[in-house]
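Chain residues, written in single-letter form:
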Amino acid sequence: MSTTRLRPPRNHADPRAIRWWTVQWLILMVPVAGAAVAAYWLLGDRPVWLGAGVAVFAVGCVVLALAAPRAYYRVERWEVTDEAVYTRKGWLTHTWKVAPMSRIQRIDTARGPVQRLFGLADVTVTTASSAGAIKIEALDHEVAAALADRLTALTQTTPGDAT
């Protein structure tokens with residue numbers, strides 16, 4: 001039995017991830033806030049209290065879109081050792097995902113169109129676990145490629161059947 005002890009992961013996403021996540025949140029929240037404001041203006045009788053509520057809601061949507069990515073950046077972490085790859089996420093509930101090298105079946109990188117604009121990529125490590133894959137998000141695309149190469153080399157030299 002191994003005596004390896006996992007410490008809290010040291011690595012963050014790339015700092016550009018904050019801008020990328022902010023764009024994603026704004027793409028979601030601006031139409032929601034805009035729909036609330038439009039619905040208010042289309043009402044025949046517009047009570048002031050409802051207008052104040054809609055204004056608070058719209059401002060709250062924008063504030064959430066600007067604050068959530070920064071909070072997520074502070075709590076999302078990842079690490080790769082010779083024995084395992086692991087992540088920790090979550091503000092209120094910390095979720096750890098650990099994949100021993102001997103259990104890794106597949107390593108993928110992905111870059112969506114907006115990620116390419118920011119020079120970012122994701123690395124997904126898949127095992128036979130029913131808990132799902134481990135996703136390391138928003139890395140510099142060159143760091144992601146190097147990480148995929150490193151994980152591939154480590155899994156090839158690690159004994160085990162990956163099942």
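Residues numbered from 1 in each chain as written. Predicted model: local features only at pLDDT ≥ 70, side-chain atom pairs only at ≥ 80, totals over all residues. Heavy atoms only, no water.

S.K.: For this particular structure, what's the right way to read the pattern of salt bridges?
M.R.: For the structure shown, the criterion picks out 6 salt bridges. With a closest N to O distance of 2.4 Å, Asp140 and Arg16 form a salt bridge. With Asp140 in strand S6 (residues 134-140) and Arg16 in the segment before helix H1 (17-42), this residue pair connects regions lying 124 residues apart in the sequence. Taking the shortest distance from any N to any O, the salt bridge between Asp82 and Arg150 comes out at 3.8 Å. With Asp82 in the loop between strand S1 (77-80) and strand S2 (84-89) and Arg150 in helix H4 (residues 141-157), this pair connects stretches of sequence that are 68 residues apart. Here the salt bridges do not stand alone but share partners, grouping Asp14, Arg16 and Asp140 into one network. (Salt bridge = Lys/Arg side-chain N within 4 Å of Asp/Glu carboxyl O. Helix = DSSP H or I, 4+ residues; strand = E, 2+ residues; numbered from the N terminus.)

S.K.: Could you clarify how one ought to interpret the packing of aromatic side chains in this entry?
M.R.: Describing an aromatic ring pair means giving the distance of the ring centres and the angle of the ring planes. Inspection of every chain in the model, using the stated rule, returns 4 aromatic pairs. The interplanar angle of 35 degrees and the centroid separation of 6.3 Å between the aromatic rings of Trp20 and Trp21 together place this pair among those described as tilted. We classify Trp20 as buried; its relative accessible area is 6%. Relative to Tyr72, the ring of Trp21 has its centre 4.8 Å away and its plane inclined at 75 degrees; by these criteria the two rings are edge-to-face. Of this pair, Trp21 sits in helix H1 while Tyr72 sits in helix H2 (residues 48-75), and the two are 51 residues apart along the sequence. Look at Tyr72 and you get partly exposed, because its relative accessible area is 28%. Put simply, the rings of Trp20, Trp21 and Tyr72 touch in pairs and so form one group of aromatic residues. (Phe/Tyr/Trp six-rings, centres within 6.5 Å; stacked < 30°, edge-to-face > 60°. Buried < 20%, exposed > 50% of the residue type's maximum accessible area, 1.4 Å probe, protein only.)

S.K.: How do you make sense of the sheet that holds strand S5 (residues 120-127) when you look at a structure like this?
M.R.: Consider a sheet: its strands pair through backbone hydrogen bonds, and that pairing is either parallel or antiparallel. Strand order in the open sheet formed by 3 strands is S4-S5-S6, with antiparallel pairing between adjacent strands. The strands lining the two open edges of the sheet, one partner per strand, are strand S4 (104-110) and S6. Along the sheet, successive strands turn relative to each other by an average axial angle of 20 degrees, direction set aside. When S5 meets S6, the two strands line up antiparallel, connected through 5 bridges. Counted as the bridge partner of Thr124 is Lys135 from S6. Packed on one face of the sheet, H4 meets S4, S5 and S6 and runs near 140 degrees to S6. (Pairing = 2+ DSSP bridges. Axes fitted to C-alpha atoms, helices over the stretch in contact; angles between N-to-C directions. Contact = heavy atoms within 4.5 Å.)

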